[in-house]
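What follows is each chain in one-letter form.
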Amino acid sequence: ALMIIRSIVRMLTSRPVAATTGFPLLDRVAPVVHYGFYVLVLLMVASGYTTAILAGLNRSVFAHSGEPLPENFDIYPSFVAHGTIAAVLAGFIALHVLAVVFHQLVRKDHLLRRMLFGRRVINPIVTPH
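Residues numbered from 1 in each chain as written. Predicted model: local features only at pLDDT ≥ 70, side-chain atom pairs only at ≥ 80, totals over all residues. Heavy atoms only, no water.

A few words on the environment of L54. Structurally, L54 is set in helix 2 (residues 24-54). For the pair formed by L54 and F79, sequence separation is 25 residues and the distance between their alpha carbons is 9.7 Å. In this view, L54 contacts Y76 and S78; residues no more than four positions away in its chain are not counted. (Helix = DSSP H or I, 4+ residues; strand = E, 2+ residues; numbered from the N terminus. Contact = heavy atoms within 4.5 Å.)

Structural data, given as structure tokens:
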């Protein structure tokens, strides 16, 4: 639900000019990573629900049927996918943290300021330090 709200807010609010890294290849990769977050989170939810359904967790956990949990969830391809997606998502998060550090400490372009609530400046004047 939060991802849906976030997507709607992102579509309906003004956005500042795209930030640049100073490297054209990285600038082309950035939107892919940003939209990749949405895709990965949706895939995590889908693979998690799929595993729960295949493993009968709705009966054993939520309906209190008394059925035992599976000894090993690795038998479900959706569980294996869930773990793989989690690893990729963790990599995306690490990449994002490195990008924030790069923008704040190397480029000094005040990128984090653009993400805060409040008045946004569409075309900020960035002065090099």
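Attention now goes to the layout of surface pockets. Counted as a void, the largest pocket has a volume near 1,500 Å³. Taken together, 35 residues line the largest pocket, and the ones lying closest to its centre are R10, H34, H96, L111 and M115. Counting only elements with at least two residues in the lining of the largest pocket, the list comes to helix 1 (2-12), helix 2 and helix 4 (77-107). With 11 residues, helix 2 is the largest single contributor of residues to the lining of the largest pocket. (1 Å grid on protein atoms, 1.4 Å probe; cavity = no way out; pocket = protein on both sides within 12 Å on 5 of 7 lines; lining within 4 Å. Points joined across faces, edges and corners; volume = space filled by probe spheres on them.)

In this section: a nonpolar patch on the surface. Judged by side-chain polarity, I93, V97, V101, L105 and V106 come together as a nonpolar surface patch covering roughly 460 Å² of accessible area. Looking at the element boundaries, I93 is found in helix 4. The partly exposed category is assigned to I93, whose relative accessible area is 45%. (Patch = residues over 30% accessible without salt bridge, like charges linked within 9 Å, V, L, I, M, F, W, Y side chains within 5 Å. Areas by Shrake-Rupley, 256 points an atom, 1.4 Å probe, with all protein chains shown as cover. Salt bridge = Lys/Arg side-chain N within 4 Å of Asp/Glu carboxyl O. Buried < 20%, exposed > 50% of the residue type's maximum accessible area, 1.4 Å probe, protein only.)

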